[in-house]
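Listed below, chain by chain, are the residues.
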Amino acid sequence: MEMESGYRVQLEAVVAGHNTRDLVELWHAHRTPIILCSLLLLAGLRLFLHTTEERGPLVALPKIYSEEQPERSEKTTREAQPVAETEKKSAGPRRIKGGLTRKPSQEGRTAATDSADRPSKVLVFFSSVTTKTEKIAHDYIKALETFLDLTANDTRGKFLKPELLDLAEIDFEDYFVSPPKSAEGAAYFYLFLIPSYNIDTINDTLLQHLQETHHDFRIDTAPLSSLVGYSVFGFGDKEGWPNEDEGFCFQARDVDKWMSKLTGRKRAYPVGMGDMKSNHVERFAEWTMGVQEIIAQAGCTGFLGEGVPGSGDAVESDDEDAEDDDGEVILDDEESSDGKKSNNSKPLDDVEDLGKMIRPSQDGTDGARKAPLAVDFTTYPAAGRRKAQAAIVKEMVAKNSPTYAALTKQGYSIVGSHSGVKICRWTKSALRGRGSCYKYSLYGINSHQCMETTPSLSCSNKCVFCWRHGTNPVGTTWRWVVDPPDMIFDGVKENHYKKIKMMRGVPGVRAERYAEALKIRHCALSLVGEPIFYPYINEFLALLHGERISSFLVCNAQHPDQLAALKAVTQLYVSIDASNRDSLRKIDRPLHRDFWERFLRCLDILREKRFRHRTVYRLTLVKGFNVEDEVEGYAQLIERGLPCFVEVKGVTYCGTATSSNAGLSMSNVPFYWEVCEFVRALDRRLQDKGLGYGIAAEHAHSCCVLLASNRFNVDGRWHTHIDYQKFFELLEERGPDGDWTPEDYMGPPTPEWALWGNGGFDPRDERVDRKGRKMEAIVAREAPE
């Protein structure tokens, strides 16, 4: 029996061993589907339980580490009691709350509404070694207190008494790690008055603290984001610091940079800078007025207004970071017509954004539409024509049209039904001290005070080099609704100022130029379309001149009747894009059948007006179209019209221009030495004809050279700039039809830096590359060997 029992045990062990091996083999062979089936079964079970269980009311979790808990209702307190008990048990370091601020326009402006209900308090920080800044700060705090009292009485804003703080006497932890607490729950506004020193001062300690706070991993990136805003004014000495790069107001600019990071880019006003030995009183007064306007607005609304949050530019990058930014600013209104951002990575490019391409749309086709065929609207078949029906007058650019969507996407603001305004990239550049356009070099126009607009978005040409990519309407006769000139004038000014104010928070914007930009002094009627096409162009010009805004009108030489009826203009341009009929047809692709006759008639009218207006031929050189062997033809056209000036400019590349079926590429853009070569050849031919012209000025950055009549060469010096004050005096004394000549409002001698051979770059400014680094302007006027 014992032996049988032993055999039975052994047999059972053998069988168990075989079964175990079989199970192991079975598991290894089928473990993947078994695991997946188990996971699916568990997921299904969880989903079933989740959908069938009863849900209680939602409980709002309290802030865990906030020192001041908001008042809650009795019910909410009772329901959240378990959470509160857990909160008491949790232990951990207190974390400063921060982060990038939300844009009020995108999130209902909830935070802005909360801030508007709170009183505002301005803290003015200053440092001083020689007590000069201290005296200025004490005088300023008194003026600010008076201003805030008046503002509180005139508006619904609530302001507490401003406070003056010496940086040498405060604890930085109390103000620059998180905003201070106040019994009134005030929303703070920081102002800084910072002189720059080349010795160790409290400024160095402050800058070190701001930098360390930004890089402290225990603190969120924007711990001061609850501030309403901030602004900085710097005092310096230009004699001791020859330029900004070498230190003029460098500590003020550094404070602005780090405060921008710590506040989530809440720069309320550009950095102001004043020279203690010359202009600090004027610069400080400009900065003060601008800051006070923003404080008043923020006190009523709780936010700084729509605009560009500052950063993205190299001036605000970390020292070790390499930013890839070209300095271009995308404004908030550059959105699609439905208010949503475009799916493309960027909006359509500006005219001067050299070398960029048009982005494709989602369906793989070109984002811009094909240009319509050139249709002649001037003649109709006489035989067999049906009785014409009454024409329906429509809007040129209706708000629900694809044209409106395309133009607004490119950054235009449409005014009324047929007018538009757009901030020029040179305006943005001039505001930041990075150079002005060729009009400043040649004629003395401040780019940051220039408004680029048009009262007619329609044009009668479809030029191959047009940077609008076929998005504007075309026509040969006005067949649309006509808006009154005063409505257009008010609309373009309002939208221009709105775009200028959006530049307020952009890094690098100079406070004095921003203040100047808020007063338009010049208007370039050359945005898009044909401004002279507008039926009330003279009335619109009168409104400009009534506010002492100079007018620079560009037409395409296809509307001789309107050109002949034109009254006083500060400067009148005609685009001369070709020297003969065939070339003009290929380049301008005019819609009028009699385009060449119209073109020549306009030149004859310019000849008649040459002692009444400052007349200008604008030649746009396009390699492969109108450069080779056309010098003689251009010389004949100049002889016919005898303009005061001849601008010769290389075409600007703005993508492949596929929408115009032109197929332009960078190979069609002439080098500057090629433009110079053409100008020298044209100058020689004009001299041979005895027409009395000479090469006067240049702007190499725009590939632009100016030929001028000897009428503007006085005592061996060129006078291409304009005396705008004298122009308006003549206009007011003698009226738009009065008797005066362009020489009567000829300005002072052209500055030496703008003359031919000197480059034409504004010495007040500084050229930078895409990463904000200073670069030297190299001008090549001769062909490379």
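Residues numbered from 1 in each chain as written. Predicted model: local features only at pLDDT ≥ 70, side-chain atom pairs only at ≥ 80, totals over all residues. Heavy atoms only, no water.

(A) Expanded view of the sheet that holds strand β7 (residues 419-422). Across the sheet, 10 strands lie side by side as β6-β7-β8-β9-β10-β11-β12-β13-β15-β14; this open sheet has mixed pairing. Edge strands, defined here as strands with exactly one partner in the open sheet, are β6 (413-415) and β14 (693-699). In this sheet, adjacent strand axes meet at a mean angle of 25° when their direction is disregarded. As paired strands, strand β9 (residues 522-525) and strand β10 (residues 550-555) are joined by four bridges and run parallel to one another. What sits directly across from His522, in β10, is Ser550. (Pairing = 2+ DSSP bridges. Helix = DSSP H or I, 4+ residues; strand = E, 2+ residues; numbered from the N terminus. Axes fitted to C-alpha atoms, helices over the stretch in contact; angles between N-to-C directions.)

(B) Just a nonpolar patch on the surface, in detail. Taken together, the side chains of Trp27, Ile34, Ile35, Leu36, Leu39 and Leu42 make up a nonpolar region of the molecular surface, amounting to roughly 580 Å² of accessible area. Turning to its location among the elements, Leu39 is positioned in helix α1 (residues 2-52). (Patch = residues over 30% accessible without salt bridge, like charges linked within 9 Å, V, L, I, M, F, W, Y side chains within 5 Å. Areas by Shrake-Rupley, 256 points an atom, 1.4 Å probe, with all protein chains shown as cover. Salt bridge = Lys/Arg side-chain N within 4 Å of Asp/Glu carboxyl O.)

(C) View of the packing of aromatic side chains. In the structure shown here, the tally under the stated rule is 33 aromatic pairs. Taking 6.5 Å as the distance between ring centres and 55° as the angle between the ring planes, the aromatic pair formed by Tyr175 and Phe176 counts as tilted. The burial state of Tyr175 is the same as that of Phe176; both residues are buried. Here the aromatic residues Phe125, Phe172, Tyr175, Phe176, Tyr190 and Phe192 are joined through ring pairs into a cluster of three or more. Stacked on the ring of Phe595, the Lys or Arg Arg581 has its end atom at 5.1 Å from the ring centre. (Phe/Tyr/Trp six-rings, centres within 6.5 Å; stacked < 30°, edge-to-face > 60°. Buried < 20%, exposed > 50% of the residue type's maximum accessible area, 1.4 Å probe, protein only. Lys NZ or Arg CZ within 6 Å of the ring centre and 35° of its normal.)

(D) Structural detail: helix α17 (residues 581-588). Residues of α17 that are buried include every one of Ser583, Leu584, Ile587 and Asp588, and no others. The buried residues of α17 occupy one face: seen down the axis, they fall within an arc of 100°. Taken together, the buried residues of α17 touch α18 (595-609). Backbone geometry just downstream of α17 places Arg589 in the positive-phi region, at approximately 45°. (Arc of directions from axis to C-beta. Contact = heavy atoms within 4.5 Å.)

(E) Here's a closer look at the environment of Ser550. Considering the arrangement of structural elements, one finds Ser550 in strand β10. A residue is classified by how much of its surface remains accessible, and Ser550, at 0% relative accessible area, is buried. If sequence neighbours within four positions are ignored, Ser550 has contacts with Arg521, His522, Cys523, Thr570, Tyr724 and Phe728. In terms of polar contacts, Ser550 uses its side chain to reach the side chain of His522, at 2.7 Å. (Polar contact = N/O pair within 3.5 Å; in protein donor to acceptor, adjacent residues only side chain to side chain.)

(F) Up close: the sheet that holds strand β4 (residues 229-236). Strand order across the open sheet formed by five strands is β2-β1-β3-β4-β5, with parallel pairing between neighbours. Of all strands in the sheet, those bounded by a partner on one side alone are β2 (163-166) and β5 (272-275). Within the sheet, the average angular offset between the axes of one strand and its neighbour, ignoring direction, is 20°. One ladder, built from four bridges, connects β4 with β5; its direction is parallel.

(G) Summary view of the pairing of β9. Every second residue of β9 is oriented toward a common face, with His522 and Ala524 on one face and Cys523 and Leu525 on the other, all of them buried. Two elements, strand β8 (residues 450-454) and β9, share three bridges in a ladder whose sense is parallel. What sits directly across from Glu452, in β9, is Ala524. Considered for its hand, the β-α-β crossover made up of β9, helix α15 (residues 537-546) and β10 is right-handed. (Right-handed = clockwise from strand over helix to strand, strands pointing away.)

(H) Quick peek at the pattern of salt bridges. On inspection of all chains with the given rule, the structure shows 27 salt bridges. We note a salt bridge from Glu163 to Lys121, for which the minimum N-O separation is 3.2 Å. Residue Glu163 is located in strand β2, and its partner Lys121 is located in strand β1 (residues 120-126); the two are separated by 42 residues in the primary sequence. Put simply, Glu732 and Arg548 hold a salt bridge, and the shortest N to O gap is 3.0 Å. Here the residue Glu732 occupies a position in helix α21 (residues 724-734), and Arg548 occupies one in the loop between α15 and β10, the gap between them amounting to 184 residues. By relative accessible area, which is 55% here, Glu732 ends up exposed.

(I) Region of interest: the packing of helix α7 (residues 202-215) against helix α8 (residues 250-262). Their axes nearest at 10 Å, the elements α7 and α8 cross at an angle of 25°. When the axes of α7 and α8 are compared, the pair comes out roughly parallel. Of the two elements, α7 crosses α8, and the hand of that crossing is left-handed. Between α7 and α8, the contacting residues are Asn203, Asp204, Leu206, Leu207, Leu210, Gln211, Thr213, His214 and His215 on the first element and Gln251, Asp254, Val255, Trp258, Met259, Lys261 and Leu262 on the second. Of the residues in the contact of α7 with α8, the class split is seven nonpolar, six polar and three charged. (Parallel < 35°, antiparallel > 145°, perpendicular 65-115°, else oblique. Left-handed = near helix turned anticlockwise from the far one by under 90°. Nonpolar A, V, L, I, M, F, W, Y, C, P; charged D, E, K, R; others polar.)

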